[in-house]
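Geometric and topological summary
One-letter residues, chain by chain:
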Amino acid sequence: MIPRVGVDLVPLSRVEDILRSATPHLHRLLSDTEISLSRNDSGFDHAGIAGRLAAKEAVFKVLHTERETLPWLGVEILRGRGGWPEVQLSGRARRLAHQARLDTIAVSITHDGPFAVAVVVAHITSAPQGR
Amino acid sequence: MTSTAPGTIDAVRDWIVGKHPERSPVDQHIDLIENRLIDSLSFVEFVFVIEKASGTSIDVDTVDIDDFRTLSAIEKAFFPA
């Protein structure tokens, strides 16, 4: 198996821009489940949202696509067992992952101060995968 | 695509300038992506702005990225004369 790595950084200020935008579009970036996971007792968890967006961008980077836009809603960053983030692909994102012959996709997210960073590691299988 | 309300490319140009006032004026033929006026995160709002200005609904899963590279291409693709 050949490893592939993706990394991305999202400033929390980008999340603040999204939330106060005149054209509300958070629902085009995060699924309903992700939006639910991105709330805390005081409202939206800005660091959590930034981390989730960074993770999606990092997943997109391991897909190594050309002439494709990021399928934001097809790359979900959910909460796995133990609270660790896990990647769930659907629709176009899932097809792109198959085309890239990606096996398991692992993600790690961190945030401190004004930034969130995510790293994704995936493996390319030696043979094309069936759909 | 479904039409809801007509508009002009000026609203799209104004949005870009609002995000990057230091880059004004934005040439009709400048590559917005290569010149980092639009990135993957802002692309989502960018599409939303084009939809509102043009009165069209855009399916991002089927778009041709070249239709978004320049204001000229956007006007041709989404603001038919």
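Residues numbered from 1 in each chain as written. Chains lettered and ligands numbered in written order. Predicted model: local features only at pLDDT ≥ 70, side-chain atom pairs only at ≥ 80, totals over all residues. Heavy atoms only, no water.

**As for the UniProt feature "binding site: Mg(2+)" (unreviewed entry) in chain A**
In this numbering, the UniProt entry assigns the feature "binding site: Mg(2+)" (unreviewed entry) to Asp8 and Glu57 of chain A. Across 50 residues of sequence, these annotated residues stay compact in space, with a maximum C-alpha separation of 6.1 Å. Among the structural elements, Asp8 of chain A can be located in strand S1 (residues 2-11). Those residues within four positions of Asp8 of chain A in sequence are excluded, and the remaining contacts are Ala54, Glu57, Ala58, Lys61, Ala116, Val117 and Ala118 of chain A. Apart from residues lying up to four places away in sequence, Glu57 of chain A is in contact with Asp8, Leu70 and Trp72 of chain A together with Ser40 and Leu41 of chain B. (UniProt positions renumbered as here; feature names shortened; annotations may be inferred. Helix = DSSP H or I, 4+ residues; strand = E, 2+ residues; numbered from the N terminus. Contact = heavy atoms within 4.5 Å.)

**Observations regarding the pattern of salt bridges**
Enumeration according to the criterion identifies 13 salt bridges over all chains in this entry. Asp61 of chain B is the partner of Arg92 of chain A in a salt bridge, and the nearest nitrogen-oxygen pair spans 2.7 Å. With one member in each of two chains, Arg92 of chain A in helix H5 (residues 91-99) and Asp61 of chain B in the loop between helix H2 (40-54) and helix H3 (71-78) form a pair that bridges those chains. When its relative accessible area of 6% is taken as the criterion, Arg92 of chain A is described as buried. Overall, Asp61 of chain B belongs to the partly exposed group, its relative accessible area being 41%. The salt bridge involving Arg69 of chain B is made with Asp31 of chain B; its shortest N-O contact spans 3.3 Å. Taken together, the residues span a long stretch of sequence, with Arg69 of chain B in the loop between H2 and H3 and Asp31 of chain B in the loop between helix H1 (10-19) and H2 at a distance of 38 residues. One salt-bridge network, in which partners are shared between bridges, spans Arg67 of chain A together with Asp31, Asp64, Asp66 and Arg69 of chain B. (Salt bridge = Lys/Arg side-chain N within 4 Å of Asp/Glu carboxyl O. Buried < 20%, exposed > 50% of the residue type's maximum accessible area, 1.4 Å probe, protein only.)

**Focus on the interface of chain A and chain B**
Listed per partner, the contact involves 19 residues of chain A and 18 residues of chain B. Approximately 1,600 Å² of surface area, both sides summed, lies buried where chain A meets chain B, with 55% of it carried by carbon and sulfur atoms. Remark: the boundary between chain A and chain B carries 5 salt bridges. The residue Arg28 of chain A makes a salt bridge to Glu51 of chain B at a minimum N-O spacing of 2.6 Å. Here chain A is connected to chain B by 10 residue pairs in polar contact (both at pLDDT 80 or more). The set of elements that each furnish at least two residues to the side of chain A that touches chain B consists of helix H1 (12-19), helix H2 (26-29) and helix H4 (46-63) of chain A. If you tally residues by element for the side of chain A that touches chain B, the top one is H2 of chain A, at 3 residues. By residue class, the composition of the side of chain A that touches chain B is 9 nonpolar, 5 polar and 5 charged. (Buried area = accessible area lost by both parts, 1.4 Å probe. Polar contact = N/O pair within 3.5 Å; in protein donor to acceptor, adjacent residues only side chain to side chain. Nonpolar A, V, L, I, M, F, W, Y, C, P; charged D, E, K, R; others polar.)

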